[in-house]
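Below are the chains, spelled out letter by letter.
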Amino acid sequence: MMNVQNIVDRIREIIDDETLDQLKEELNSYHVADLADIFQALKPEERLQCFKLLEIDKAADLMEYLPPQMQVELLGDVDQNFASQIITQLPHDAAADVLGDMEEDESETYLDKLPHKFSEEVRELLTYNEDTAGGIMNPVVLTVNCDMSVQDVLNHIRIKAEEDNMELYYVYVVDKQNHLLGVVSLRKLLTSPINQKVEDIMISDIVKLHVDDYSDYIIDEFMKYQYNALPVVDLYNRLKGMITWDDVHDLFEEETTEEIYQS
């Protein structure tokens, strides 16, 4: 088991010796979950110095393990371009959480700096209550048309998954207006004949969430059906995003923590 205090002491020695290349190499070697424990044991000025030495991908992954106040504090104390790069690397829902915890003028500054499509999608997430499916969901989902063949879909997955760095659990079948028609698991796609139409293998009786569903209902639905992810639709059954089991695990932890403090 990792001894956090021993690592913190070693980091302080390296800082004192001003061997920053060594510190950079060491920090980037840790798993982000361990790094989060280390950061929370450091003093604010030490934490900032270490944060600046992280690779962009590592810093973005770390964000999701840190308390909201620490996220805002670190991003507010680094160069805006560096902070913007980190936010862009985050999943949309995580980026919305971070920006939602900032002062409005500060979050607007970052939203203006982010890539346009990413910024627009995050802005939409910020319009939802953070305790609802709309505020929790990731708007980046893999969609296909019902007249595509299994081979078409598999080719599409290879391209889109690499381009958008999306989470792959299920493929959602939509019409031209983005209405949700069905869902197909990756397992089903891989075990079906390549020339079969996706509409012939999709499940059309879909378990889905609405953008305004609250967290307790979301948790209940995941516990009941045990899916890895559920789609989120609006009032008109248009697909808006998806919520994963990982998101629900985080929700469950938050609710449990609140209950402990309230008891």
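Note that the structure is a prediction, hence the values are computed from the model and not measured.

Participant: What should I look at first to understand the layout of surface pockets in this one?
Facilitator: Unoccupied space between atoms shows up once a probe the size of one water molecule is rolled over them. Taken as a whole, the second largest pocket encloses approximately 400 Å³ of empty space. Looking at the second largest pocket, it is lined by 19 residues, and the ones nearest its centre are Lys-117, Glu-121, Pro-139, Val-140 and Val-141. Elements supplying a minimum of two residues to the lining of the second largest pocket: α10 (116-126), α12 (150-164) and β6 (239-244). At five residues, the largest contribution of residues to the lining of the second largest pocket is made by α10. Looking at the lining of the second largest pocket residue by residue, the class counts come to eight nonpolar, four polar and seven charged.

Participant: Got a minute to help me understand the side chain of Ser-84 in this structure?
Facilitator: Assignment of secondary structure puts Ser-84 in helix α7 (residues 80-89). When its relative accessible area of 6% is taken as the criterion, Ser-84 is described as buried.

Participant: For this particular structure, what's the right way to read unusual backbone geometry?
Facilitator: Negative phi values dominate among residues other than glycine, just as trans dominates among peptide bonds. Backbone geometry at Gln-226 places phi at a positive 60°, although glycine is not the residue there. Following the sequence through the fold, Gln-226 ends up in the loop between α15 (215-225) and β5 (229-233). Using a relative accessible area of 52% as the deciding quantity, one classes Gln-226 as exposed. A positive phi angle, close to 65°, is found at Asn-237, a residue other than glycine. For Asn-237, the position within the fold is in the loop between β5 and β6.

Participant: Is there a simple way to explain helix α9 (residues 104-113) in this structure?
Facilitator: Because the α-helix completes a turn every 3.6 residues, residues three or four places apart line up on one side. What α9 keeps buried is the set Ser-107, Tyr-110 and Leu-111. Taken around the axis of α9, the buried residues stretch over an arc of 100°, which confines them to a single face. In this structure, α9 carries Asp-105 and Asp-112 as exposed residues pointing more than 90 degrees from its buried face. Where α9 is buried, its residues meet α6 (68-77), α7, α8 (92-100) and α10.

About the cut-offs
Counting restarts for each chain, with residues numbered from 1 along the sequence as it is written. Totals for whole chains, interfaces and linings use every residue, but because this is a predicted model, local features are given only for residues with pLDDT of at least 70 and side-chain atom pairs only at 80 or more, for both listing and counting. Calculation of side-chain values draws on the structure's entire complement of heavy atoms; hydrogens and water are dropped beforehand. Any residue with an atom within 4 Å of a point lines the site, the site being either a cavity, points on a 1 Å grid over the protein atoms alone where a 1.4 Å probe fits but cannot get out, or a pocket, an open set with protein on both sides within 12 Å along at least 5 of 7 lines. Grid points are joined across faces, edges and corners, and a volume is the space filled by probe spheres set on the points. Helix and strand definitions follow DSSP, with helices as H or I runs of at least four residues and strands as E runs of at least two, each counted in order from the N terminus. We call Asp, Glu, Lys and Arg charged. Ala, Val, Leu, Ile, Met, Phe, Trp, Tyr, Cys and Pro are nonpolar, and the rest, Gly among them, are polar. We call a residue buried when its accessible area falls under 20% of the maximum for its residue type, exposed when it is over 50%, and partly exposed in between, using a 1.4 Å probe and counting protein chains only. Think of it as the arc spanned by the lines of direction from the helix axis to the C-beta atoms. Contact between two residues is taken to exist if any of their heavy atoms lie within 4.5 Å; hydrogens are not considered.

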